[in-house]
Amino acid sequence: MDSGGGRAPWPYDEKPLIVFWETTKACLLKCKHCRAEAILKALPGELTTEEGYRLIDEIRAFGRPYPLLVLTGGDPLMRSDFWDLLDYAVRGGLRVAVAPAVTPLLTRETAARMARAGVSAVSLSLDSPYPEVHDSIRGVEGTWKRTVEAIRWFMDEGVRVQVNTVVMRDTVEGLPDMVKLLLDLGVKTWEVFYLVPTGRAGFELDLTPSEWEDVSHFLYEASKYGLMIRTTEGPMFRRVAIIRRFLESRGAVSLLKGETGPLYERLVGRLRRILGPPRGPPLAHTVGTRDGRGIVFVDYKGNVYPSGFLPVPAGNVRVKSLVEIYRSSTLFTMLRRGGALEGRCGKCEFREICGGSRARAFAYYKRVTAEDPACPYRPGRYTEILSRIGASVEEAIREAAASSRPLHASAGR
């Protein structure tokens, strides 16, 4: 959480903003892109209940304000001690978000019980506005319908709902209609996952760099309809949002002519046809967290990673405390400093606010420090554009930071 609204900058070197805990691999869904490669039954070696309590204590040891704890999986509801872990964390003063799978375990009563237990937010995955597409991705017929019902249950209970959507070859053309669906449901926060080919997700599901750029520009336009839009493994969205907002505020957005392609034209054209002109200022979230900088992921066995999509461990909570691993491990320290980034990412004037997806770089090149293959940006391009109006990238980034909104719960699965 960067500065905003009078808040001091989040001390990323000292503690993460969000701790994701993959409580189990078990899940009743069969998602074709599943990061966790979840299975029907839990694998041996899961952190025990007592080890889970100890992990929660270690999160509290980072000090106030505590990081947000996200209970994810697999499906956290598959753990028999889920409610005990949730209660222990909430009673300990943590804000807790939950990322349940939409299966028969998630009922209206489950939603009400989570609300009574003090859950801060939930994230529910909805990958397409079209039921047949979503169900084919999730591997179980009827999941789309049950997900829409679950969104309404949690909203009725007063629990903040974040909808997660994975952008990939199967879902990208449905993005405009997803915006309409979320607005119709009353959802306020949309977390858009830029596919990383890891787990079950194959490279054939990925988009081209120019298509990813078009998606980023589209999402900025979509954020003008009252949706807070954030991205996971799509940090280049921050570059696009910062520069577009800055140029728009100065009536100079025409300087970006030629920066987008046919996918952008299709998506924005559809968005305008179904929703009309923009309804307000952009709500594009540009806080500069990234893998290992503000984000930490603990898997079901206690291994600690910079994110759930980057399978390079930095330690294990059964051996070292989470605090020590986050603050002192070579991997996390290197990622926070960002000085070792290669290629265009290392030369980019947006490397601090973006830095590229380390998970995608690893998926393609098997090097954590490699450039992000999804980003087509030529370093210096926006510096050239801003110089035409006597401005700089540094000025645009400062302006975005000064107007950034506090980050709530990012409860990605």
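Draft legend 1. Quick look at the side chain of Ser329. Within the fold, Ser329 resides in the loop between helix 10 (322–328) and helix 11 (330–337). Judged by relative accessible area, Ser329 falls into the buried class, the value being 12%. A distance of 3.2 Å separates a polar side-chain atom of Ser329 from the backbone nitrogen of Phe332. With residues up to four places along the chain from it excluded, the contact list for Ser329 reads Ala314 and Glu324.

Draft legend 2. The packing of aromatic side chains, seen in detail. Evaluated as defined, the whole model comprises twelve aromatic pairs. Centre to centre, the rings of Tyr377 and Tyr382 are 4.9 Å apart; their planes meet at 55°, and the pair counts as tilted. For the pair Tyr377 and Tyr382, a shared accessibility class is recorded, and that class is buried. In textbook terms, an aromatic cluster arises when at least three aromatic residues are bridged by ring pairs, as seen for Phe62, Tyr326 and Phe332. Geometry around Trp10 places Lys15 over its ring, the cationic atom sitting 5.4 Å from the centre. The lysine or arginine in question, Arg250, covers the ring of Phe246, its NZ or CZ lying 3.7 Å from the ring centre.

Draft legend 3. Structural view of helix 11. Taken as a whole, helix 11 has its buried residues at Leu331, Phe332, Thr333, Leu335 and Arg336. Those residues of helix 11 that are buried are in contact with strand 8 (290–291), strand 9 (294–298), strand 10 (303–305), helix 10 and helix 13 (358–365). Looking one or two residues past helix 11, Gly338 carries a phi angle of roughly 70°, positive in sign.

Draft legend 4. Molecular detail of the packing of helix 7 (residues 209–222) against helix 8 (residues 236–249). In contact at an axis separation of 9 Å, helix 7 and helix 8 are set at 50° when each is read in the N-to-C sense. Classified by the angle between their axes, helix 7 and helix 8 sit oblique to one another. Between helix 7 and helix 8 lies a crossing of right-handed hand. Along its contact with helix 7, which presents Glu213, Ser216, His217, Leu219, Tyr220 and Glu221, the element helix 8 presents Met236, Phe237, Arg239, Val240, Ala241, Arg244, Arg245 and Glu248.

Draft legend 5. Here's a closer look at the pairing of strand 1 (residues 18–22). In terms of burial, strand 1 is largely enclosed, as five of its five residues are buried. Neither face of strand 1 is left uncovered, since the one carrying Ile18, Phe20 and Glu22 and the one carrying Val19 and Trp21 both have all their residues buried. Pairing geometry for strand 1 and strand 2 (residues 68–72), over five bridges, is parallel. Bridge pairing links Ile18 to Leu68 in strand 2.

Draft legend 6. Structural view of the nonpolar core. With 128 residues, the main nonpolar core has Leu69, Trp190, Val215, Phe218 and Leu322 as its most contacted residues. By residue number, the principal contributor to this core is helix 8, which donates seven residues. Beyond its immediate sequence surroundings of up to four residues, Leu322 is in contact with Val19, Leu55, Glu58, Ile59, Phe62, Val296, Val298, Val304 and Val317.

Criteria and cut-off values
- Residues numbered from 1 in each chain as written.
- Predicted model: local features only at pLDDT ≥ 70, side-chain atom pairs only at ≥ 80, totals over all residues.
- Heavy atoms only, no water.
- Helix = DSSP H or I, 4+ residues; strand = E, 2+ residues; numbered from the N terminus.
- Buried < 20%, exposed > 50% of the residue type's maximum accessible area, 1.4 Å probe, protein only.
- Polar contact = N/O pair within 3.5 Å; in protein donor to acceptor, adjacent residues only side chain to side chain.
- Contact = heavy atoms within 4.5 Å.
- Phe/Tyr/Trp six-rings, centres within 6.5 Å; stacked < 30°, edge-to-face > 60°.
- Lys NZ or Arg CZ within 6 Å of the ring centre and 35° of its normal.
- Axes fitted to C-alpha atoms, helices over the stretch in contact; angles between N-to-C directions.
- Parallel < 35°, antiparallel > 145°, perpendicular 65-115°, else oblique.
- Left-handed = near helix turned anticlockwise from the far one by under 90°.
- Pairing = 2+ DSSP bridges.
- Core = buried A, V, L, I, M, F, W, Y, C linked by side-chain atoms within 4.5 Å.

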